[in-house]
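Results of the structural survey
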Amino acid sequence: MDTGAFKWNEREILRYLGHRGQEVPENVEALIAETERELERAAVPKAYWREYPLTVQDGVLDMDCLKTTSRSLERNLKDCEKVILFGATLGSQVDVLLHRYSVLQMSKAVVMQAASVAMLETFCDEKNEALKAFYKELGWYLRPRFSPGYGDFPLECQRQLVPALELGKRIGVTLTDSLLMMPSKSVTAVIGASRLPRNCSVQGCEVCGKKDCLYRR
Amino acid sequence: MNILQEIQNRIVFFDGGMGSLLQEQGLKPGEFPGNWNVSHPEVVVQIHRNYLEAGADIVKTNTFGVDALKYNEHTEYQLEQVVSAAVRNAKEAVRLSGKQAFVALDIGPTGKLLKPMGDLAFEDACELFGQVVEIGTREGADLILIETMSDSYETKAAVLAAKEHSGLPVFVTVTFDERGKLLTGGNPASIVAMLEGLRVDALGMNCGLGPVQMKGILKEVLRVSSVPVIVNPNAGLPRSEQGRTVYDIDADTFAQVMAEITAMGARVVGGCCGTTPEHIKKTVELCRDMTPVPIEPKHRAVVSSFAQAVEIGVSPVLIGERINPTGKSKFKQALRDHNLEYILREGVNQQDHGAHILDVNVGLPEIDEPAMMVEVVQELQSIIDLPLQLDTSDAKAMEAAMRIYNGKPLINSVNGKAESMHQIFPLVKKYGGVVVALALDESGIPETAEGRIEVAKKLYRTAAEYGIAPEDLLIDALCLTVSSDSQGAITTLETLRRVRDELHGKTILGVSNISFGLPLRENINAAFFTMAMQSGLSAAIINPNSEAMMRSYYSFRALMNLDPQCGDYIQVYGGQTSAGSGQSAVVRGVGAGVGLGAGAGSGAGSAGDAGSAGMTGVNSVLGNSIVKGLKEQAAASVRELLETKDALAIINEEMIPALDYVGQGFEKGTLFLPQLLMSAEAAKAAFEIIKDKMAASGQKQEKKGTIILATVKGDIHDIGKNIVKVLLENYSYDVIDLGRDVPPERIVEVAVERQVKLVGLSALMTTTVPSMEETIKGLRERAPWAKVMVGGAVLTQEYADTMGADRYCRDAMSSVGYAEIVFG
């Protein structure tokens, strides 16, 4: 990626760093800026998605390659007839840097951790907005993306979702036995598509049940 | 008919895609295609036959991604059953077609990332691949095709497995993205170097891109490779249409581009995702009668890391010599303590100063060198993208390191003694590498250049007997101390010249030996370095942190037209006013590192900042530097203070209050995490200086206690744990850092062995909390005296209570607080 080409959400970076309105000293600002430049050079954002039909019967959500029960996902997919299964990653070089700085310079490692999460979120948002516009042309309304692990959507679904999308081969995303995605800055999600628009789209922290999370907005 | 002869003589054709054709026949989404070898053999045989009739010479067995992770005692079909059925189906198709054709045992990625970045051990990957190779070979496959690889490390595991479990020819194709990079960062030059080092029979690319996008990458592959090149593209770029994947070019266009690709020099062509028998038929029609472009050896001396290749023999190559314990007591201690941070810092520092390759020597009489070599190489290659020079005289350590090295290494060294050659050359042949070849033998170091040239010839000759090309040898012309042998430098320089001019070989030198025993050694070293480069030196083992050596290097390149418009020279020295001694400007390497560039320094903010005492309640320059997180400033002021003040007094009166102030600020929320850590780093820099001073005067700082830290099994995120470590060390605790993904029994074992009173465990995922619980249970049983503190993103007080932890640490500072209670 070209240096300076990325639109950073500084507020999110600070939030992930546990910032609560304190003064941000110059040297921390400089560290954040330096980290952003480094991430712009190292990150290779990639995304991949594919459409699947959706049927719901007796609480079982059937997306062809993925079957699960989840009340929160079911709410999210209300009125949807199909889904887009989505995967995205910043690539393995970011992990190399994270590992490097967590040995050599912890302050930069935590800033990079926060900035790379913010970067990934922004990248996913951009991709999702583009998908939304594309589908709207065809008369479909997309729901906010919903990831395994949100609410009661089982993380175990990763075992079906990652291979079904062939994410290893397409964008280099693999799964560990304990269901971590590698590269660590990766996302998978289900995006519902409906013929009906829905105005109130709750997303981000608010859909999650973990109310005591340190990073909750 | 032999496949290796065929590809020497003509264009050979692979088949095309399998998965999408099976889907058309009813393979369900999420169902493994491999199942159909057993459940629908007639469908698989028919697809193979269609390809053979279309003109394919090689059919790939339907075994992509088939391994024991997916087929085992828990699954409907067994590995043995699936692989043998797949080979039989392909052979049956060949028989039915009545054609002379070959069956390639198809091997794809495991879908797992290898350690240390992922959780699959290198040797486990070798074993998974080896199982498939054995079955496929026994069932009569004609060759092994390792394909769609996007990680050089996993590719290496697969090639080693193929070679160790079979004698069949090995073809390898990797997947590049539109930038011409592998998903894990490698490029054509780096992957070709590694694969040719591993002696594969043909190599190339498949999947990921269409034929149009592959042309540029193919050009680069052809420029550097000396073996037949394979191109198996997708049927163009994919897009989703009504839930189906469709590709952007048709069979006719595909075939036309494949003809261009064949004309460029590809020797084996076929297709991947989305291609059908029609694509192959049209490609065969257009390409069958084309005259193959000759395959020519490129004679390049190349080493590689996971990310980049370094060619030796173009511009002088710098090999950093600092990762070596000889004469360095701190380094020796770091090795004994498994203090990898110290070693990694040496590596990064040399990269920042312009090293192209890092020498790695960890030999100490009292350590297990093979194990240490593996540990250090694995860590280095997970954070630094430079190729490594494996430097050991222990043959076991050498083989272990060459095996797990992610790329094609530089090997230090072999010499003209029969014993050395017969030990090292087989390793080079098997694992690949460029080897430093010392011009000495049983009769010692020849005194004359003529004598050294004779040894060099013997080395080249013997290497050739092992099938090792001359470009994979770097002749070490040897350099004797000029103070004891006044002819020494002249002999070395003459040897360099003659290797270049008479043997057309490449050379290497450990440059700094020359000045041993002389004052101001840099004077001699830098002058000799320039003379050596002028005499043809291809690679130099030097200290890149030496300004004098780097001045020689950059000046030589500028003068010899190796630095267009003196660009590098100006970038490094532009803005400096004098080339005199004692410069303080930091020389940054030019072009070193790919996306992992420099930047270990911190401490923005002016020196004046730190002097503004009072506002923080910490009333000293040192204290303020720590509070503000100014590393350089903290180091400078502690140096100054040590002139007048006792080390312990500095710690207790200036540093600890500053750390407490910051800690409290963090807890109150007036400071946030980056500030806490920048302060910790500034304190750490100051502590290092104090430690050196105390060590020099024989003083020892008392540690408050020993604490184990570990990220539990299954979890490979360790940032949280590392934050805690930095803080605890600043508070004078001895931290045993067991790393990440640590099995419960290992943690318990160390707690028992070292009688540790406090264990800190970190887990990030709900899925790894059970291993935390298991660890705590183990500790309660076998180390009941140990207190356990836990932390990590998913943990809560409630979780911690359920598991029976002694303390839930919400953030980094609370672990320090708890340690103070336990040891206080």
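Residues numbered from 1 in each chain as written. Chains lettered and ligands numbered in written order. Predicted model: local features only at pLDDT ≥ 70, side-chain atom pairs only at ≥ 80, totals over all residues. Heavy atoms only, no water.

**Comments concerning the overall build of chain B**
A count of helical and extended segments in chain B gives 31 helices and 25 strands. Here the C-alpha atoms of chain B give a radius of gyration of 30 Å, agreeing with the 28 Å that 2.2 N^0.38 yields for 824 residues. Viewed in the frame of its principal axes, chain B has a C-alpha envelope of about 90 × 75 × 50 Å. The buried share among the 824 residues of chain B stands at 60%. Per element, the accessible surface of chain B, about 31,800 Å² overall, is 51% carbon and sulfur. The averaged location of the 102 negative side-chain charges in chain B is 1 Å from the averaged location of its 76 positive side-chain charges. (Helix = DSSP H or I, 4+ residues; strand = E, 2+ residues; numbered from the N terminus. Rg over C-alpha atoms; globule rule 2.2 N^0.38 Å. Buried < 20%, exposed > 50% of the residue type's maximum accessible area, 1.4 Å probe, protein only. Areas by Shrake-Rupley, 256 points an atom, 1.4 Å probe, with all protein chains shown as cover. Lys, Arg positive; Asp, Glu negative; His and termini not counted. Charge placed at Lys NZ, Arg CZ, Asp CG, Glu CD.)

**Considerations on the overall build of chain A**
Helix and strand content of chain A: seven helices and nine strands. Counting across all 217 residues of chain A, residues that qualify as buried make up 59%. Of the contacts made within chain A by residues no fewer than 6 positions apart, 75% connect residues no fewer than 24 positions apart. Of the roughly 9,100 Å² of accessible surface on chain A, 50% is carried by carbon and sulfur atoms. (Contact = heavy atoms within 4.5 Å.)

**Description of the pattern of salt bridges**
Oppositely charged side chains are able to pair whenever their charged atoms sit close together. In the structure shown here, the tally under the stated rule is 60 salt bridges over all chains. We note a salt bridge from Glu139 of chain B to Arg88 of chain B, for which the minimum N-O separation is 3.8 Å. Of this pair, Glu139 of chain B sits in the loop between helix H6 (122–138) and strand S4 (143–149) while Arg88 of chain B is found in helix H5 (residues 79–97), placing the two residues 51 residues apart along the sequence. The class of Glu139 of chain B is partly exposed, set by a relative accessible area of 21%. With a relative accessible area of 48%, Arg88 of chain B lands in the partly exposed category. Taken together, the shared-partner salt bridges connect Lys46 of chain A together with Asp177, Glu178 and Arg179 of chain B into one network. (Salt bridge = Lys/Arg side-chain N within 4 Å of Asp/Glu carboxyl O.)

**A few points about the packing of helix H8 (residues 188–197) of chain B against helix H9 (residues 211–224) of chain B**
Residues and elements named next belong to chain B. It is the contact of H8 with H9, at a shortest axis distance of 9 Å, that shows an interaxial angle of 40°. Looking at the two axes, H8 sits oblique to H9. Like other packed secondary-structure pairs, H8 and H9 cross with a definite hand, here right-handed. Residues Pro188, Ala189, Val192 and Glu196 of H8 lie in contact with H9, whose contacting residues are Ile217, Glu220, Val221 and Val224. (Axes fitted to C-alpha atoms, helices over the stretch in contact; angles between N-to-C directions. Parallel < 35°, antiparallel > 145°, perpendicular 65-115°, else oblique. Left-handed = near helix turned anticlockwise from the far one by under 90°.)

**Comments concerning the nonpolar core**
Ranked by size, the top nonpolar core spans 156 residues in total, and within it Ile146, Val231, Leu410, Phe425 and Leu473 of chain B carry the most contacts. A per-element tally of this core places H6 of chain B first, with eight residues. The next biggest cluster of nonpolar side chains, apart from the first, holds 93 residues, and it includes Leu31 and Leu39 of chain A together with Leu641 and Met694 of chain B. (Core = buried A, V, L, I, M, F, W, Y, C linked by side-chain atoms within 4.5 Å.)

**Details of the sheet that holds strand S5 (residues 80–89) of chain A**
Residue and element names in this part refer to chain A. An order of S1-S5-S9-S6 is seen for the four strands of this open sheet, with the pairing classed as antiparallel. Both outer strands of the open sheet, strand S1 (46–53) and strand S6 (141–142), are each paired with one neighbouring strand and no more. Relative to S5, S1 runs antiparallel, the two sharing eight bridges. The residue of S5 that forms the bridge with Arg50 is Leu85. Lying over the sheet, helix H5 (residues 106–137) contacts S1, S5, S6 and strand S9 (186–194), oriented at roughly 145° with respect to S5. (Pairing = 2+ DSSP bridges.)

**Some thoughts on the packing of helix H7 (residues 152–165) of chain B against H8 of chain B**
Residue and element names in this part refer to chain B. For the pair H7 and H8, interaxial distance at closest approach is 11 Å and the crossing angle is 15°. Considering the angle they form, H7 stands roughly parallel to H8. The hand of the H7/H8 crossing is right-handed. For the pair H7 and H8, the contacting residues are Ser152, Thr155, Lys156 and Val159 in the first and Ile191, Met194 and Leu195 in the second. Classifying every residue of the contact of H7 with H8 by side-chain character gives four nonpolar, two polar and one charged. (Nonpolar A, V, L, I, M, F, W, Y, C, P; charged D, E, K, R; others polar.)

**Concerning the sheet that holds strand S25 (residues 807–808) of chain B**
Two pairing modes exist for strands in a sheet, parallel and antiparallel, and in both the strands are linked by backbone hydrogen bonds. Residues and elements named next belong to chain B. Taking strand neighbours across the sheet as the criterion, the five strands line up as S22-S21-S23-S24-S25 in an open arrangement whose pairing is parallel. With one partner strand each, in any of the chains shown, strand S22 (733–737) and S25 form the two edges of the open sheet. Across five bridges, the pairing between strand S21 (residues 705–711) and strand S23 (residues 758–762) is parallel. Bridge pairing in S23 links Ala710 to Leu761. Running at roughly 175° to S21, helix H28 (residues 744–753) makes contact with S21, S22 and S23 of the sheet.

**Focus: the pairing of strand S11 (residues 301–304) of chain B**
Burial of the side chains of S11 of chain B extends over both faces: Ala301 and Val303 of chain B are buried on one face and Val302 and Ser304 of chain B on the other. Remark: four residues form the turn of the hairpin made by S11 of chain B and strand S12 (residues 309–312) of chain B, two consecutive strands paired antiparallel.

**Thoughts on unusual backbone geometry**
Here the bond from Met182 of chain A into Pro183 of chain A is cis, since omega is 0°, no more than 30 degrees from zero. The topology assignment puts Pro183 of chain A in the loop between strand S8 (181–182) and S9. For Glu166 of chain A, which is not a glycine, the phi torsion comes out positive at approximately 50°. Here Glu166 of chain A lies in the loop between helix H6 (158–164) and helix H7 (167–171). Residue Thr148 of chain B is not a glycine yet carries a positive backbone phi of 55°. Turning to its location among the elements, Thr148 of chain B is positioned in strand S4. Using a relative accessible area of 3% as the deciding quantity, one classes Thr148 of chain B as buried.

**Focus: the confidence of the model for chain B**
All names here are of chain B. Mean pLDDT over chain B: 92, with 95% of residues reaching 70 or higher. Taken as a whole, residues 579–615 scores under 50 in pLDDT and shows 87 contacts with residues more than four places along the chain or in a different chain. For this predicted complex, the interface score ipTM comes out at 0.90, while the overall pTM is 0.91. (pLDDT = per-residue confidence, 0-100.)

**Observations concerning the interface of chain B and chain A**
In this complex, chain B contributes 76 residues to the contact, which on the side of chain A involves 60 residues. Carbon and sulfur atoms make up 61% of the surface buried where chain B meets chain A, a total of about 5,400 Å² over both sides. Applying the counting rule to chain B against chain A returns three salt bridges. Here Lys46 of chain A ties to Asp177 of chain B by a salt bridge, and the two come within 2.8 Å at their closest N and O atoms. Scanning the region where chain B abuts chain A turns up 19 residue pairs in polar contact (both at pLDDT 80 or more). (Buried area = accessible area lost by both parts, 1.4 Å probe. Polar contact = N/O pair within 3.5 Å; in protein donor to acceptor, adjacent residues only side chain to side chain.)

**With respect to the packing of aromatic side chains**
All names here are of chain B. According to the stated counting rule, one finds 13 aromatic pairs over all chains in the structure shown. With 5.8 Å between their ring centres and 50° between their planes, Phe32 and Tyr71 make a pair best called tilted. With Phe32 in the loop between helix H2 (19–24) and helix H3 (36–39) and Tyr71 in the loop between strand S2 (58–60) and H5, the pair connects residues that are 39 residues apart, well separated along the chain. Of the residues examined, Phe32 reaches a relative accessible area of 35% and is grouped as partly exposed. Given the relative accessible area of 3%, Tyr71 is considered buried. (Phe/Tyr/Trp six-rings, centres within 6.5 Å; stacked < 30°, edge-to-face > 60°.)

**Side note on a negative patch on the surface**
All names here are of chain B. On the surface, Glu745, Glu749, Glu753 and Glu774 cluster together into a patch of negative charge. For the negative patch, the element with the most residues is H28, which contributes three residues. If you trace the backbone, Glu753 turns up in helix H28. (Patch = residues over 30% accessible without salt bridge, like charges linked within 9 Å, V, L, I, M, F, W, Y side chains within 5 Å.)

**Side note on the pairing of S12 of chain B**
Residues and elements named next belong to chain B. The alternating pattern of S12 places Val310 and Ile312 on a buried face, while none of Ala309 and Glu311, on the opposite face, is buried. In the sheet, S11 pairs with S12 via four bridges, with the strands oriented antiparallel. What sits directly across from Val303, in S12, is Val310.

**Digging into helix H14 (residues 369–383) of chain B**
Residues and elements named next belong to chain B. Over its 15 residues, H14 extends 21 Å from the first C-alpha to the last, a length consistent with the 21 Å expected when each residue adds 1.5 Å. Counting buried positions along H14 yields 11 of 15 residues, so the element is predominantly enclosed. By the burial criterion, the buried members of H14 are Glu369, Met372, Met373, Val374, Val376, Val377, Glu379, Leu380, Gln381, Ser382 and Ile383. (Expected span 1.5 Å × (residues − 1).)

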